[in-house]
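Descriptive structure summary
Here are the chains, one letter per residue:
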Amino acid sequence: MSSGEHVQRVLVIQDAFFDHSGNAIRWAISGLSLQPGDKIKLLRFVQLFDTTCFITCGMLGYRSKLHSSATITQREESIKKDNDKKLDEDRNSDEISDILQLASMRQIEFERAVEAGHSLKVAIVLAAKTFSATSLILDRKSKKDHKYFTDNLECAILKVKGDKSVVYIRRPEAAKSDCIAEDRGQSSCHLASVQREVIFQTSICSICMNPRPHIGPLRDFTYSDLHFSTSGFSVRNGLPQTRKVFYKGILSDGCQIFVWKNALETTTEMEFKSRVEMLGNVRHENVAMLLGSCSQGPEKLLVYEYVCNMTLNVHLTNRSSELTWERRIKIARGIAKGLQYLNSRSFYGSMRPNNVLLTHDYDPLLANFGLARNQYEDLNQSSETRVLKTFEYLAPEYEDTGIDSSKTDVYSLGVVLLELITGRKTIEETRGKSFLRWARPLLKDKTYGELIDPVVLESHDLHQLFWMVRLVEKCISPDPRKRFPIHKVVNTLLYISPNRDNVDLSLPESEIEP
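The structure reproduced in this document is the subject of the present report.

Reading the values: the criteria
- Residues numbered from 1 in each chain as written.
- Predicted model: local features only at pLDDT ≥ 70, side-chain atom pairs only at ≥ 80, totals over all residues.
- Heavy atoms only, no water.
- Helix = DSSP H or I, 4+ residues; strand = E, 2+ residues; numbered from the N terminus.
- Areas by Shrake-Rupley, 256 points an atom, 1.4 Å probe, with all protein chains shown as cover.
- Expected span 1.5 Å × (residues − 1).
- Buried < 20%, exposed > 50% of the residue type's maximum accessible area, 1.4 Å probe, protein only.
- Arc of directions from axis to C-beta.
- Contact = heavy atoms within 4.5 Å.
- Salt bridge = Lys/Arg side-chain N within 4 Å of Asp/Glu carboxyl O.
- Core = buried A, V, L, I, M, F, W, Y, C linked by side-chain atoms within 4.5 Å.
- Phe/Tyr/Trp six-rings, centres within 6.5 Å; stacked < 30°, edge-to-face > 60°.
- Lys NZ or Arg CZ within 6 Å of the ring centre and 35° of its normal.

A look at the overall build of the chain
- Scanning the chain for helices and strands turns up 18 helices and 13 strands.
- Taken as a whole, the chain presents about 24,100 Å² of accessible surface, with 50% of it coming from carbon and sulfur.

Describing helix 8 (residues 269-280)
- Taking 1.5 Å per residue as the helical rise, helix 8 with its 12 residues ought to reach 16 Å, and the 16 Å between its terminal C-alpha atoms agrees with that figure.
- Buried residues of helix 8: Phe-272, Val-276, Leu-279 and Gly-280, and no others. End-on, the buried residues of helix 8 take up no more than an arc of 100°, which puts them together on one face. Opposite the buried face of helix 8, at more than 90 degrees from it, the exposed residues are Met-270 and Glu-277.
- Among the structural elements, strand 10 (290-294) and strand 11 (301-305) are those in contact with the buried residues of helix 8.

What about the pattern of salt bridges?
- By the definition in use, this model includes 14 salt bridges.
- Taking the shortest distance from any N to any O, the salt bridge between Asp-453 and Arg-328 comes out at 3.0 Å. Placement of Asp-453 in the loop between helix 16 (448-451) and helix 17 (462-475) and of Arg-328 in helix 10 (residues 325-344) is noted, with a sequence separation of 125 residues between them. Across the pair, Arg-328 and Asp-453 agree in class, each one buried.
- With a shortest N-O distance of 2.8 Å, Glu-397 and Arg-483 are connected by a salt bridge.

Here's the deal with the environment of Tyr-341
- With respect to the helices, strands and loops of the structure, Tyr-341 is situated in helix 10.
- C-alpha separation for the pair Tyr-341 and Asn-286, spaced 55 residues apart in sequence, amounts to 8.9 Å.
- Apart from the residues lying within four places of it in its own chain, the contact partners of Tyr-341 are Asn-281, Val-282, Arg-283, His-284 and Val-287.

Quick word on the nonpolar core
- Tyr-304, Leu-312, Ile-335, Leu-413 and Val-489 are the most contacted members of the largest nonpolar core, which has 74 residues in total.
- Not counting residues within four places of it along the chain, the set of residues in contact with Leu-312 comprises Leu-323, Ile-331, Ile-335, Pro-353, Val-356, Leu-358, Val-416 and Leu-420.
- The next biggest cluster of nonpolar side chains, apart from the first, holds 25 residues, and it includes Ala-24, Leu-42, Leu-102 and Phe-110.

Focus: the packing of aromatic side chains
- Under the definition given, this model contains 10 aromatic pairs.
- On the numbers, 5.7 Å between centres and 40° between planes, the contact of Tyr-223 with Phe-233 is tilted. Separated by 10 residues along the polypeptide, Tyr-223 in helix 7 (residues 223-229) and Phe-233 in the loop between helix 7 and strand 8 (246-250) bring together distant segments of the chain.
- The class for Tyr-223 is partly exposed, based on a relative accessible area of 23%.
- Judged by its relative accessible area of 9%, Phe-233 falls in the buried class.
- Geometrically, the ring pair formed by Phe-466 and Trp-467 is edge-to-face, given 4.9 Å between the ring centres and 80° between the ring planes.
- Judged by relative accessible area, Trp-467 falls into the buried class, the value being 9%.
- Across the ring face of Phe-131, the terminal group of Arg-9 is positioned such that the distance to the ring centre comes to 4.6 Å.
- If you follow Lys-121 out to its NZ or CZ, it ends over the ring of Tyr-148, 4.7 Å from the centre.

Structure (structure tokens):
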């Protein structure tokens, strides 16, 4: 329970002349991890002018029903009448009713008000100080006054963007975060202290402020909920280059999600529930979290946390200049750690660039694991085959055995690491050869100039490139007995740095399979 001066007090500003939206309030409850006793105030403003005037598109304004010669009392009565009308509209709003119910369930105090004034920015600063706001969320129409707010207020300041997402203008001061953390029994002293229930180090994207979800029980979603949250599984909400099986959505509480439609559609209800329960126990900073599922009638849907910056496959295919060498190394480390965790829990066969989701900080999260019946099925559902024209993520022994193992995943990981080094190659760029047939001689001869992706040709670290090439060779050995175990891949990637030259790439006898 929050108490005293450390209660979070969130002031949400909206234009009273436009339809209000509850997105900012839902985001505040979830994104700021509000606790019982915290407070939210929705303040809808009417800006007054000195003479009779009209609302213009995109501007705050007040259309007075009275002539400018009206008395002060008449004006005040007219403003009060219109303010009461706005409050009545709020009371009859389904969206406000939903928010009231959500706030009541979380034991968060929620109040609404409508105010009028001549100077909007001055009135907002006064309202924030009167409310003792710890966070101020501005309507996007207030963007021209951001500097005024940062100069005159000490609280955290956020804004609603055109796509209705919420981003920070100024984050909470470290001292205030410390106070909140100390008061609520937390040891963290940065933004993670605000995200109190999240166990991951990478708890939030620093660019778009998309948070990792709270740890909690799996949810049973209704089909209508997910249909509504994804705008009817609209094509525009489909994740690029995934054949539209993943859809972005936003729940009524403001939580952003990915919905995997028709996942495990051929399984029985009992098998589906069993698999969902297994996936629901997966918790790692480099693995996308399952939030819940839906199995109504023939539909079987999985609901995952939203990861904000598309897939590694998209960035490789688009030859993204944002995929710097430093970020590629970071992605490689994160993928390997996530894969090691999944293998330790007997999840195999999911290592593809299309199954690597990225944040704007280029932290990778693995997805789609443990669902395909076999790797051929998984590969045929992705777009890599249309680029590489071959099943080159599959280890050679898989064709004979059809058995997934950590060693087959290490092989697939080696191919992904090779793509991080070389960039996505087409058949034309490999002179008609398959990707690995083109790359293996270059790896053997250490022909770095032909291997390195031109996008990072001038910025890569030669020391890291040398060890990455050697590591790839250890991963894509045709003989699984000579392949690295996944823990050695992880350790090697952690050791690769500009100042180290003692990376051990030998394979102990104890780790060589008979």
